[in-house]
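# Fold and contact review
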Amino acid sequence: MDVLLSEVADGVAVLTLNRPEKRNALNSELTRALRDAMRSADADDAVSVIVLTGADPVFCAGVDLKDIGGGASDRFTPGTDTEPGRPWARTTKPVIGAINGAAVTGGFELALQCDFLVASERAAFGDTHARVGLLPGWGLSVLLPQAIGVRRAREMSLTGNFVLAEEALRLGLVNRVVPHESLLEETRRIALDIAGNDQLAVRALLAEYDETTSTTVHEALRIESRKANAWNADPATVAAIADRRQAIIERGRSQV
């Protein structure tokens, strides 16, 4: 089974994380496939907008802890084949997150890297880095405060508690909440609105937003990446993850 599905129609590429039996957790295969698919979609002249979603029932449960516990942590080191603080190379085209269910830790970081989010009523967002014993390396400590404010971001990260769809809308984390069954339809509709515009202008405007909103972010991402590289490469960190894994899974299930 392909771990990532890609479909292009009417200028919109839909990329679907496809490990539903593992709650779309990011192992090394899926991480590489996502990076490659983003790069291919960005280079494809038939694509104007990229939509990222997950195969039900969740968006993404984060990095596969079993993979890390087995010694594969180097495969998830931030910035190994992209710039620091990014899970995939920066795109010239808009990326919309269609969040169909829980987006947790690394999965939450994938969502935050999208230009904006459309959420199913079943969506939930949680940063459990502190519970796992890792530090974020894909931009969360920079992008989450940008989205909802520093104090709310600190609460989410330090408690590890989940925020459900309607609360995420109130906080400004997502742009809108729609019925689960119409999530992709509504997201496609927005994507088609973008695809119908002058694409040179769309990409220039997107690049302008990147520049004007990241005056101080680049240095923050470098700090995050440096700290995450050191922390996540520590053998003691890797060894401790397996001991925490089941408790983390059970707590997540009780909250979502």
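No experiment lies behind these values; they were computed from the predicted model shown.

### Points about the nonpolar core
With 42 residues, the main nonpolar core has Leu52, Leu110, Phe125, Leu144 and Leu173 as its most contacted residues. Top element by residues in this core is helix 1 (residues 28-43). It accounts for 5 residues. Apart from the residues within four sequence positions on either side, Leu110 is in contact with Leu17, Leu26, Leu34, Leu52, Phe59, Cys60, Pro87, Trp88 and Trp138. Core analysis: the second largest hydrophobic core is formed by 14 residues, Ile96, Ala98, Leu183 and Ile194 among them.

### Some remarks on helix 10 (residues 217-232)
Along its 16 residues, helix 10 runs 22 Å from first to last C-alpha, staying within 8% of the 22 Å computed at 1.5 Å per residue. Along helix 10, the residues that are buried comprise Val217, Leu221, Glu224, Ser225, Ala228 and Asn232. Taken around the axis of helix 10, the buried residues stretch over an arc of 100 degrees, which confines them to a single face. Of the exposed residues in helix 10, those oriented more than 90 degrees away from the buried face are Arg226 and Ala230.

### A word on the sheet that holds strand 8 (residues 163-164)
In space, the 3 strands of this open sheet follow the order 5-7-8, with mixed pairing throughout. The sheet terminates laterally at strand 5 (102-104) and strand 8, the two strands that pair on one side only. Inspection of the sheet shows strand 5 paired to strand 7 (residues 124-126) by 3 bridges, in the parallel sense. Each bridged residue has a counterpart across the sheet, and for Val104 the counterpart in strand 7 is Gly126. Across the sheet, helix 3 (residues 106-113) lies against strand 5 and strand 7, angled at about 100 degrees from strand 5, the strand it touches most.

Conventions adopted
- Residues numbered from 1 in each chain as written.
- Predicted model: local features only at pLDDT ≥ 70, side-chain atom pairs only at ≥ 80, totals over all residues.
- Heavy atoms only, no water.
- Core = buried A, V, L, I, M, F, W, Y, C linked by side-chain atoms within 4.5 Å.
- Buried < 20%, exposed > 50% of the residue type's maximum accessible area, 1.4 Å probe, protein only.
- Helix = DSSP H or I, 4+ residues; strand = E, 2+ residues; numbered from the N terminus.
- Contact = heavy atoms within 4.5 Å.
- Expected span 1.5 Å × (residues − 1).
- Arc of directions from axis to C-beta.
- Pairing = 2+ DSSP bridges.
- Axes fitted to C-alpha atoms, helices over the stretch in contact; angles between N-to-C directions.

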